[in-house]
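Each chain, written out:
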Amino acid sequence: MPYDCKAGSLRRIVRRSTRSRGPLRRFTDIVLTVAILGMLIVVAARLGGVDQQTLEGVARVADGDSITLDNQRIRLRGIDAPELGQICTRRGTDYPCGRMARDALVGLIAGRRLKCESRERDRYGRVLAICSAGGDEINRQLVVSGWAVAYGDFDAEEKAARRAGAGLWAGTFDRPQDWRAQHGGMVESEHATLRGIVNWLRHLLRFG
């Protein structure tokens with residue numbers, strides 16, 4: 001097979017160029033990557049409000065995954081409960097699963113003081129928080145009892161509730177995000193995405 005002199009010369013030039021610029025190019029790439037990641041952390045912190053926030057007190061329940069505490073609207077993070085007007089089906093009969101999810105949250109709180117930990121807000125300005133009462137994590141318990149589904153967290157708890165036929169899983173229902181899409185409800189993405197990115201960036205750059 002004839003040798004292509006032009007192609008061979010070109011490859012030798014490229015190899016020499018790569019070798020001569022290798023260390024400098026790698027250093028430049030590292031500096032650029034660190035700068036970009038640093039800017040992403042700053043932007044994420046400003047958008048998500050990553051400063052730790054703790055709210056405590058007696059809460060007022062709005063629906064199955066939303067409360068008001070210390071004049072702050074709080075969306076329980078990592079879960080999604082049926083909307084107040086949502087209807088589900090069990091044993092061939094419709095029932096108000098949205099109101100029952102709210103009642104389940106009222107029962108879990110039972111007038112106790114809540115402690116809610118947050119690092120971010122959603123697109124509607126609501127605090128996204130993990131809340132507990134008397135040592136019981138409310139978010140997790142709602143999924144375990146079957147009155148909320150996993151929404152960025154608590155996948156194992158949802159699987160267990162489904163196997164047990166607990167709450168919503170005793171019948172058929174539309175996942176709340178699908179119900180909202182069909183009925184013109186609030187649009188929101190699964191939780192934990194921003195926090196996960198921020199934590200990954202912090203770990204990568206050894207900031208925390």
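Above this text you will find the structure in question.
Counting restarts for each chain: residues are numbered from 1 in the order of the written sequence. Owing to the predicted nature of the model, reporting of local features is limited to residues with pLDDT of at least 70; listing and counting of side-chain atom pairs is limited to 80 or more, with chain, interface and lining totals taken over all residues. Only hydrogens and water are removed before side-chain values are computed, so all heavy atoms of the structure are retained for them.

S.K.: Even after reading the chapter, I still don't get the overall build of the chain, so can you show me in this structure?
M.R.: A tally of regular secondary structure across the chain gives six helices and eleven strands. Across the 208 residues in the chain, those meeting the buried criterion constitute 36%. Only heavy atoms enter the contact rule, under which two residues are in contact if any of them lie within 4.5 Å. Taking contacts inside the chain between residues at least 6 apart in sequence as the whole, the part at least 24 apart equals 60%. All accessible-area figures derive from a Shrake-Rupley calculation using a 1.4 Å probe, and residue coverage is judged against the displayed protein chains alone. Just so you have it, the chain exposes about 12500 Å², and 55% of that area is on carbon and sulfur atoms. Helix and strand assignments come from DSSP, with helices taken as H or I runs of at least 4 residues and strands as E runs of at least 2, each series counted from the N terminus. Burial here depends on accessible area, computed with a 1.4 Å probe over protein chains only, as a share of the maximum for the residue type. Under 20% is buried, over 50% is exposed, and the range in between is partly exposed.

S.K.: Mind showing me how you'd approach the environment of V144 here?
M.R.: One can find V144 in helix α3 (residues 138-144). The class for V144 is partly exposed, based on a relative accessible area of 39%. Expressed as a C-alpha distance, the spacing of V144 and A161, which sit 17 residues apart in the sequence, is 5.4 Å. What V144 contacts, discounting residues up to four positions off in sequence, is E157, A161 and A166.

S.K.: I keep staring at the state of the cysteines and nothing clicks. Help me out?
M.R.: A covalent bond between the sulfur atoms of two cysteines is what we call a disulfide. The disulfide criterion is simple: two cysteine sulfur atoms within 2.5 Å. Within the structure shown, the criterion is met by two disulfides. The disulfide partner of C88 is C97, and the S-S distance across this bridge is 2.0 Å. Between C88 and C97 the sulfur-sulfur dihedral comes to about 65 degrees; the bridge is accordingly right-handed. When its relative accessible area of 1% is taken as the criterion, C88 is described as buried.

S.K.: Please clarify how the packing of aromatic side chains should be interpreted in this entry.
M.R.: When we look at a pair of aromatic rings, we describe it by the centre distance and by the angle of the planes. Aromatic rings from Phe, Tyr and Trp, taking only the six-membered ring of Trp, are treated as a pair when their centres fall within 6.5 Å; an angle between ring planes under 30 degrees marks them as stacked, one over 60 as edge-to-face, and anything in between as tilted. Scanning all chains against the criterion turns up one aromatic pair. A ring pair is formed by W169 and F173, whose centres lie 4.9 Å apart and whose planes are at 80 degrees; its orientation type is edge-to-face. Using a relative accessible area of 18% as the deciding quantity, one classes W169 as buried. Classification of F173 as buried rests on a relative accessible area of 18%. Above the face of the Y95 ring, R90 is positioned so that its terminal group lies 4.2 Å from the ring centre. Only when the NZ of Lys or the CZ of Arg is both within 6 Å of the ring centre and within 35 degrees of the ring normal is a charge said to sit over the ring. Above the face of the W169 ring, R162 is positioned so that its terminal group lies 4.7 Å from the ring centre.

Keep in mind these values describe shape, not function.
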